[in-house]
Amino acid sequence: MLSVPPPVRRVRDGVQAAISGVQATIRAVETPVRDDLSADPYLRYLLALSLLTAGFGVWFRLPNFAAPDEYSRLIQPMKVAGEFVADQSFDAIQRGITDGRALGATFYLYAITLAPVFLIVIASGQLGEFARLGTIQSRWELWHAAPAWFWTVSLLLARLVSVALGIGCVYLTYRLATELRDRFAGRLAALLLALSVGFLGQTHVVGEDLAMLFLVLLTTVLAHRYVESGQRRTFLWGSLSGGLAIAFKLSGGVAAVVLGAALLVRAARSDDPAGELLRPGVVLGGMAIGVVAMYVGIPSVLVGGPTELLNRASGSISSKTGKTGGFSAPIWYWFAYHYVSGLGAPLFAGVLGGLAATVWGVVGRREEPTQPLTWLLLVALLVPLLVYSRWE
């Protein structure tokens, strides 16, 4: 029997280890969901409700775009494909990625989503014709140049991704509320999110907000599990999801703050606070994974270097903190306006009542120790408010 050479054996063992790691990750994700569905008979109905509210009408205005964001998110992968077909080089890919509005990890998400459409184009022998569409700058001319079936299928697939992310957000909200209190609180939180007007609006269009929200919620779940278990792997997974949240949208940076708060809360609950804060595998490993995920997750940064990240951050901050039109009003007005329009008046009134009851309950139990998840959720809520309060 022939022996396997050591280099081949190492490669084989590495591949087997990678496959085992992926299988373990899938089981780690699948098991809690299955357990929740088994333990709570109402959860499946809540998820079905979220599918109904998020998915009904997702076909509206097809094959037209519902908003400029839908156009920019779908056209960017087309630009890269067009440039690469014309010139198979790295420079062509770089031109396609940096031409126009540079996107974050949204580029990868919708490039994968559009893969079936591109396969249909290739199979029909129309690759060259469709590649030329990526060079058309006018939205009006581009929309008319491509056949209706192309926009219909592309938009529908992309919107279904938003629907799936919305259902994921509903489940993660259920999980957080359940860990914070009980399953009744989880059901109520999931129901309120599934019926929120602003949230449903996001599930019907193409964009990066839902992907960012899903990853921030996932990071918060993992951060809480790290506080409870202290497992390094859990924190590193949280760092990965937090880095990807930032890659989708810079406001996802709240995930990094939540992870930092998890380190502090874990240290405060430990008999050796300094030892908890000085775990290099957790702190340095988490920082490295988060930075790499953010760097690789933003295509323009990957092909253009760190300068692109600085330009992206500074451009985003300057555009958000300066006046771009409309009438002048204090920040509290815009907070109230968007909360009412996002939740709807009935849910907004319910949220105010729930907030008052929560504060009253916390004050009444002030002698009891505060749950770790409470601190993490407060950080996740207050940090964006502090950041947005500087906007005009």
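All values reported here derive from a predicted model rather than from experimental measurement.

Calculation criteria
Residues numbered from 1 in each chain as written. Predicted model: local features only at pLDDT ≥ 70, side-chain atom pairs only at ≥ 80, totals over all residues. Heavy atoms only, no water. Helix = DSSP H or I, 4+ residues; strand = E, 2+ residues; numbered from the N terminus. Buried < 20%, exposed > 50% of the residue type's maximum accessible area, 1.4 Å probe, protein only. Contact = heavy atoms within 4.5 Å. Areas by Shrake-Rupley, 256 points an atom, 1.4 Å probe, with all protein chains shown as cover. Salt bridge = Lys/Arg side-chain N within 4 Å of Asp/Glu carboxyl O. Phe/Tyr/Trp six-rings, centres within 6.5 Å; stacked < 30°, edge-to-face > 60°. Lys NZ or Arg CZ within 6 Å of the ring centre and 35° of its normal. Core = buried A, V, L, I, M, F, W, Y, C linked by side-chain atoms within 4.5 Å. Expected span 1.5 Å × (residues − 1). Arc of directions from axis to C-beta. Polar contact = N/O pair within 3.5 Å; in protein donor to acceptor, adjacent residues only side chain to side chain. Axes fitted to C-alpha atoms, helices over the stretch in contact; angles between N-to-C directions. Left-handed = near helix turned anticlockwise from the far one by under 90°.

Enquirer: What should I look at first to understand the overall build of the protein in this one?
Expert: Looking only at helices and strands, one finds 21 helices and zero strands in the protein. For the protein, with 392 residues in total, the buried portion stands at 36%. A sequence separation of at least 24 residues applies to 76% of the contacts in the protein between residues at least 6 apart. Counting every atom, the protein has about 21500 Å² of accessible surface; 68% of that belongs to carbon and sulfur.

Enquirer: Explain the pattern of salt bridges to me, please; I cannot follow it from the model alone.
Expert: It is possible for side chains bearing opposite charge to pair when their charged atoms get close. Summed over the entire model, instances satisfying the criterion amount to eleven salt bridges. Its salt-bridge partner being Arg-187, residue Asp-40 comes within 3.0 Å of it at the nearest N-O pair. With a gap of 147 residues between them, Asp-40 in the loop between helix 1 (6–39) and helix 2 (43–55) and Arg-187 in helix 10 (residues 183–194) connect regions that are remote in the sequence. Taking relative accessible area as the criterion, Arg-187 reaches 24% and is therefore assigned partly exposed. If you follow the salt bridges from partner to partner, you end up with Asp-36, Arg-175, Glu-179, Arg-183 and Arg-225 in one network.

Enquirer: Sorry if this is basic, but what is going on with the packing of aromatic side chains here?
Expert: Aromatic ring pairs are defined here through the distance separating the ring centres and the angle between the ring planes. Summed over the entire model, instances satisfying the criterion amount to seven aromatic pairs. With a centroid separation of 5.8 Å and an interplanar angle of 75°, the aromatic rings of Phe-107 and Tyr-108 are classed as edge-to-face. Three or more aromatic residues link up through ring pairs in this structure, and these residues are Phe-65, Trp-149, Phe-150 and Trp-151. It is Arg-159 that lies over the ring of Phe-60; its NZ or CZ is 4.5 Å from the centre.

Enquirer: Would you mind showing me how to read the nonpolar core here?
Expert: The tendency in soluble globular proteins is for nonpolar side chains to be buried as a group. In this structure, Val-170, Phe-199 and Leu-376 are the most contacted members of the largest nonpolar core, which totals 47 residues. Top contributing element to this core by residue count: helix 12 (residues 209–229), with ten residues. In this structure, Tyr-71, Met-78, Leu-114 and Phe-150 belong to the second largest nonpolar core, which totals 17 residues.

Enquirer: Please clarify how unusual backbone geometry should be interpreted in this entry.
Expert: Leaving glycine out, the prevailing phi sign among residues is negative, and the prevailing peptide bond configuration is trans. Of the consecutive residues Leu-62 and Pro-63, the connecting peptide bond is found in the cis state with omega at 5°. Looking at the element boundaries, Pro-63 is found in the loop between helix 2 and helix 3 (68–86). Despite not being glycine, Arg-61 shows a phi value in the positive range, around 65°. Tracing the chain through its elements places Arg-61 in the loop between helix 2 and helix 3.

Enquirer: Can you help me understand helix 16 (residues 280–297) in this one?
Expert: Because each turn of an α-helix spans 3.6 residues, side chains separated by three or four positions in sequence point in the same direction. A rise of 1.5 Å per residue sets the reference length of helix 16, with its 18 residues, at 26 Å; its end C-alpha atoms lie 24 Å apart and thus fit the reference within 8%. Of all the residues in helix 16, the buried ones are Val-282, Gly-285, Gly-286, Gly-290, Ala-293, Met-294 and Gly-297. Projection of helix 16 onto a plane perpendicular to its axis shows the buried side chains occupying an angular sector of 160°, all on one side. Exposed residues on helix 16 whose side chains face more than 90 degrees from its buried face are Pro-280, Leu-284, Met-287 and Val-292.

Enquirer: Mind showing me how you'd approach the environment of Leu-302 here?
Expert: You can see Leu-302 is positioned in helix 17 (residues 299–304). Distance from Leu-302 to Val-292, taken between C-alpha atoms, is 9.9 Å for residues ten residues apart in sequence.

Enquirer: Teacher, can you tell me more about the side chain of Ser-196 here?
Expert: Take Ser-196: it is sitting in the loop between helix 10 and helix 11 (197–203). The buried category is assigned to Ser-196, whose relative accessible area is 6%. A distance of 2.7 Å separates the side chain of Ser-196 from the backbone oxygen of Leu-192, its partner in a polar contact. If we skip the residues at most four places from it in the chain, Ser-196 touches Gly-342, Leu-343 and Leu-347.

Enquirer: It is not clear to me how the side chain of Thr-234 should be interpreted in this structure. Could you clarify?
Expert: Within the secondary structure layout, Thr-234 lies in helix 13 (residues 232–248). In this view, Thr-234 contacts Leu-222, Arg-225, Tyr-226 and Ser-229; residues no more than four positions away in its chain are not counted.

Enquirer: Could you clarify how one ought to interpret the packing of helix 12 against helix 21 (residues 372–388) in this entry?
Expert: When two helices pack together, their arrangement is given by the angle between the helix axes and the distance between those axes. For the pair helix 12 and helix 21, interaxial distance at closest approach is 10 Å and the crossing angle is 145°. The element helix 12 and its partner helix 21 pack so that their crossing is right-handed. Listed contacts from helix 21 to Thr-220, Ala-223, His-224, Val-227 and Glu-228 of helix 12 are Pro-372, Leu-373, Leu-376 and Leu-377.

Enquirer: How do you make sense of the environment of Leu-222 when you look at a structure like this?
Expert: Position of Leu-222 among the secondary structure elements: in helix 12. Residue Leu-222 is classed as buried on the basis of its relative accessible area, which comes to 14%. Between the C-alpha atoms of Leu-222 and Ala-262, which are 40 residues apart in sequence, the distance is 9.5 Å. When neighbours within four sequence positions are excluded, Leu-222 is seen to be in contact with Thr-234, Trp-237, Gly-238 and Ser-241.

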